[in-house]
Amino acid sequence: MPKHLLHTAAITAAVVLSAVLPTASAQETIHYSPATHVFRIDTPAVTYALGVNAQGDLQAIYWGAPIAPADPVPMPARHAEVASFDGPTTVTPFEYPGWGSVDYTEPALKITFPDGNRDLVLHYLSHTIAADNLKITMKDISRDVFVDLIYTVDPATGVIGRSSVITNRTKEPLTIEQAASATWNLPHGSDYTLRYLTGRWAGEDHLQTQKIAPGTTVLESRRGSTGHQNNPWFAIERGATPNPDEDSGEVWFGALAWSGNWRITVEKNQVEDIRVTGGYNPFDFAYPLAPGATLATPAFYAGYSGHGIGEASRILHRFELTQILPQKPAPRPRPVIYNSWEATEFAVDEPGQTALAEKAASIGVERFVMDDGWFGARNSDHAGLGDWYVNPQKFPHGLKPLIDKVHALHMDFGLWVEPEMVNPDSDLYRAHPDWVLNFTGRPRTQARNQLVLNLARPDVRAYVFGFLDKLLTENDIAFLKWDYNRNWAEPGWPALGPDSNQQKTVYVQYIRNLYSILAELRAKHPAVEIESCSGGGGRVDLGILGLTDEVWPSDNTDPFDRLSIQDGFSYAYSPGVMMAWVTDSPGWLNQRTTSLAYRFLSSMQGSLGVGANLNHWTDADFATAKDLIAAYKSVRETVQHGSLYRLISPRGFGETGGSENSATESVSPDRTQAVLFTFLHSSTMGYPYPQVYLKGLDPAKQYRIISIYGTLAKDTPETASGAYWMHHGLTPDLTGDFKAAAFKFEVR
Ligand code: GLA
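Residues in contact with the ligand amount to 13 residues; listed here are only the nearest, Asp371, Asp372, Arg448, Lys481 and Asp555. Within the side chain of Lys481, one N or O atom sits 2.7 Å away from an oxygen atom of the ligand. A total of 310 Å² of accessible area belongs to the ligand in isolation, and the protein chains cover 96% of it. Counted by class, the shell around the ligand contains 4 nonpolar, 3 polar and 6 charged residues.

Attention shifts here to the nonpolar core. With 151 residues, the main nonpolar core has Ile166, Ile176 and Phe600 as its most contacted residues. When residues in this core are grouped by element, the largest group, 10 residues, is from helix H9 (residues 506-524). Counting 29 residues, the second-largest nonpolar core is a separate cluster that includes Ala235, Val540, Tyr571 and Met578.

Below, the discussion takes up the side chain of Asn281. By secondary structure assignment, the location of Asn281 is in the loop between strand S17 (274-280) and strand S18 (287-289). Among the polar contacts made by the side chain of Asn281, one reaches the main-chain amide nitrogen of Phe283 at a distance of 2.9 Å. Setting aside residues up to four positions removed in sequence, Asn281 forms contacts with Glu220, Ser221, Arg222, Asn261, Trp262 and Arg263.

The next point concerns the environment of Ala299. Topologically, Ala299 is positioned in the loop between strand S19 (294-296) and strand S20 (300-305). In this structure Ala299 comes out as buried when scored by relative accessible area, which is 19%. Each C-alpha atom of the pair Ala299 and Gly161 lies 5.8 Å from the other, and the pair is 138 residues apart in sequence. Setting aside its immediate chain neighbours within four residues, Ala299 contacts Arg162, Ser163, Ala255, Leu256 and Ala257.

By the element assignment, Ala286 lies in the loop between S17 and S18. Exposure remark for Ala286: the relative accessible area of 1% places this residue in the buried category. For the pair Ala286 and Glu420, spaced 134 residues apart in sequence, the C-alpha to C-alpha distance is 23 Å. Excluding residues that lie within four positions of it along the chain, Ala286 makes contacts with Thr175, Ile176, Asn501, Lys504 and Thr505.

The tally for this structure, following the rule as stated, stands at 36 aromatic pairs. Measuring from ring centre to ring centre gives 6.2 Å for Phe39 and Tyr124, while their planes differ by 50 degrees; the resulting arrangement is tilted. Here the residue Phe39 occupies a position in strand S2 (residues 38-42), and Tyr124 occupies one in strand S6 (residues 122-130), the gap between them amounting to 85 residues. Judged by relative accessible area, Phe39 falls into the buried class, the value being 0%. Taken together, Trp374, Phe375, Trp388, Trp416, Trp435, Tyr463 and Phe467 form an aromatic cluster joined through their ring pairs. In this structure, Arg143 is placed above the aromatic ring of Phe113, and the distance from its NZ or CZ to the ring centre is 4.7 Å. The lysine or arginine in question, Arg169, covers the ring of Phe146, its NZ or CZ lying 4.3 Å from the ring centre.

Turning our eyes to something else, we now look at the pairing of strand S27 (residues 529-532). Here S27 shows two buried faces, one formed by Glu529 and Glu531 and the other by Ile530 and Ser532. Two strands pair when backbone bridges link them, and strand S26 (residues 479-482) and S27 are joined in this way by 4 bridges, in the parallel orientation. From the neighbouring strand, Trp482 faces S27, where its bridge partner is Ser532.

Let us look at the packing of helix H4 (residues 350-362) against helix H5 (residues 400-408). At their nearest, the axes of H4 and H5 sit 10 Å apart, and the two run at 10 degrees to each other. Accordingly, the angle class assigned to the pair H4 and H5 is roughly parallel. From H4, Glu350, Gln353, Thr354, Ala357 and Glu358 reach across to H5, where they touch Pro401, Leu402, Lys405 and Val406. Across the contact of H4 with H5, the residue classes break down as 4 nonpolar, 2 polar and 3 charged.

Moving on, we come to the pairing of strand S11 (residues 192-200). Across the 9 residues of S11, 8 count as buried, placing the element largely inside the fold. With 6 bridges connecting them, S11 and strand S14 (residues 230-238) associate as antiparallel partners. Within S14, the residue paired with Thr193 across the bridge is Glu237. Alignment of S11 against strand S12 (residues 203-211), held across 7 bridges, turns out to be antiparallel. Note on S12: the bridge partner recorded for Leu197 is Leu207.

The next thing to look at is H4. A rise of 1.5 Å per residue sets the reference length of H4, with its 13 residues, at 18 Å; its end C-alpha atoms lie 18 Å apart and thus fit the reference within 8%. Check the buried side of H4 and you find it contacts strand S21 (337-339), helix H3 (341-344), strand S22 (367-370) and H5. Of the residues that open H4, the one with a side-chain oxygen 2.8 Å from the backbone nitrogen of Gly352 is Asp349. Directly beyond the C-terminal end of H4, a positive phi value near 100 degrees is found at Gly364.

Attention now moves to unusual backbone geometry. Each neighbour pair has its own omega, and for Lys328 with Pro329 the value is 0 degrees, a cis peptide bond. Turning to its location among the elements, Pro329 is positioned in the loop between helix H2 (308-324) and S21. The linkage connecting Ser585 with the following residue, Pro586, adopts the cis geometry, with an omega of -5 degrees. With respect to the element layout, Pro586 can be found in the loop between strand S29 (579-582) and helix H11 (596-603). A positive phi angle, near 65 degrees, is found at Ala202, a position not held by glycine. Structurally, Ala202 can be placed in the loop between S11 and S12. Even without a glycine there, the phi angle at Phe738 is positive, about 50 degrees. If you trace the backbone, Phe738 turns up in strand S36 (residues 737-747).

Criteria and thresholds
- Residues numbered from 1 in each chain as written.
- Predicted model: local features only at pLDDT ≥ 70, side-chain atom pairs only at ≥ 80, totals over all residues.
- Heavy atoms only, no water.
- Near = heavy atom within 4 Å.
- Polar contact = N/O pair within 3.5 Å; in protein donor to acceptor, adjacent residues only side chain to side chain.
- Areas by Shrake-Rupley, 256 points an atom, 1.4 Å probe, with all protein chains shown as cover.
- Nonpolar A, V, L, I, M, F, W, Y, C, P; charged D, E, K, R; others polar.
- Core = buried A, V, L, I, M, F, W, Y, C linked by side-chain atoms within 4.5 Å.
- Buried < 20%, exposed > 50% of the residue type's maximum accessible area, 1.4 Å probe, protein only.
- Helix = DSSP H or I, 4+ residues; strand = E, 2+ residues; numbered from the N terminus.
- Contact = heavy atoms within 4.5 Å.
- Phe/Tyr/Trp six-rings, centres within 6.5 Å; stacked < 30°, edge-to-face > 60°.
- Lys NZ or Arg CZ within 6 Å of the ring centre and 35° of its normal.
- Pairing = 2+ DSSP bridges.
- Axes fitted to C-alpha atoms, helices over the stretch in contact; angles between N-to-C directions.
- Parallel < 35°, antiparallel > 145°, perpendicular 65-115°, else oblique.
- Expected span 1.5 Å × (residues − 1).

Structure follows, in structure tokens:
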């Protein structure tokens, strides 16, 4: 029994003590009561409590709406045995369960020792509290395996970050087979609904909704990176109907900060308790730990909203902007960019890019980005990846003349790179065929004619950092679009020898090196901003967002498809990181024809970019673009950093009764400005567009409505109170197919 429990052996299963906090001041976020062994995290939005039970286990107690510091938070006893099949440890809501004793639920940690023992029972040992950070150390009941549970608290949002550090202080090596960042136990209850995001290339961020039934739902990536297929985010709502209510209901949500193989399980056990476990994906996982060595898990952040999933999203957005992004707590607004990928693909050269830059500057673009094709023998996706020297045919005088021209046009310059990949047809691969992920003697499966460099290798890490550092040192580059255009295959690391467990450390070490390269580049080149792209939204998570300033949500730039992709994206991620380009019509993917204004308004819901072929634009197109870019600049702080309200959701089109129309509203933090985007799919049977009711305004203030694009029903007042716009609402004058209108509201 841990030392601190010796004098409290009187805490028995039947005794329930209250966690009144005699010494804690009201301002402290984290309290520990030595009398009851209960830890409490109290923020204005959330109370979270856990404690040490009579057996020495760390057990979850409460997570939800804030309760008064003086309220009792009893340390519950372990459940009694109800049957030999359902012993107490099978149903105890452990805070971080080791796999051992009797527990059939998802363990947070599973270890194999060299003597064949695989039993691990973690008990509380000690803790430290420093400001908004809590560290609880646990230890196996007999072996010197120590686990630090790290809690970080953001008092402003109530978001708690959890991770663990596992240390082997035995004299023998051991192997970690499963390591989660955290187990989150939900309050006991029924009628829970799970929401999560699924997708594929060009079809990211579909919101899925399902009742949580007994059993386990597994969200994961086995692809080596975050992946398009699932995103490491969840939200669980109590008492939800099939269509989520944006503004009411209790919601517990979380996001994992890891860009490699990850897994989140949502499990309802035999007594119908729900727990969410997330961290490294245990599939094909092993991490040998030598004596004295440690393994740290990524952070798993989670929060609570008592006001529906709309508020849950706004909490996460705010948390990302103030706590995660590299420019936290006040990221600079994203500049309006131009990118020529859809216009030119690989056919980039100095005259062509210069001509596009001139046109881009004329409409108010602030950053000109040259995409793929500028380096090596890169004339298609068949060759050149890995050879990061400027292509001498396309740019005979290097990048400088183009960069100078872009600067003369008052834009900064950005460049596309795909550092982790190599085409077999490249000088790099010919020189270092052993640098890619592979199993000796097995096929090396290509995707998009490329292989994945094993970034876990120190020599590959040095090469990748070296060329990027050189590129940024020798050229005045403000922005990198960092791409990653395939998933892993044959993830071997033969240089480590035949021990497959050693080779499996690639899953951790690769991503660590990716993060460390990004961190080192940012430290050395602090003015450079970076976008995370992976064939669209294949690498969007809170881990990469700690090191990049924005993401490319999808290669699908169809403005109608984007409305639902952007809607799904917004459940987990801030519009401030969501790059969105205006491209050509008909679009390459769906061959859908839409007006330039419709395309602009769709992209203006995030960080605006232009990706159309400006050589084909008419004077009228340039005039429309110039007006709308100027209008965007007048609302972008609100769009990017304000509070987002999903007013009419395009989600569920054709499935769960959702609408084909879409409307979003963003409100500035001081509520003096709001911006409304409305989209009509198709008028039917002469029905007018639905009445739009604004949210989040100051009811007492007078707001003037100003058209960004489009008109309103004739009787709409020019100025009215926040209460009017929220309760009376307004009708945009939208008829036809694929029509859009946008308005801003400003306090007079
Ligand atoms: C990926 C990106 C695109 C573009 C191409 C270039 O598909 O998502 O935006 O950069 O690569 O090859």
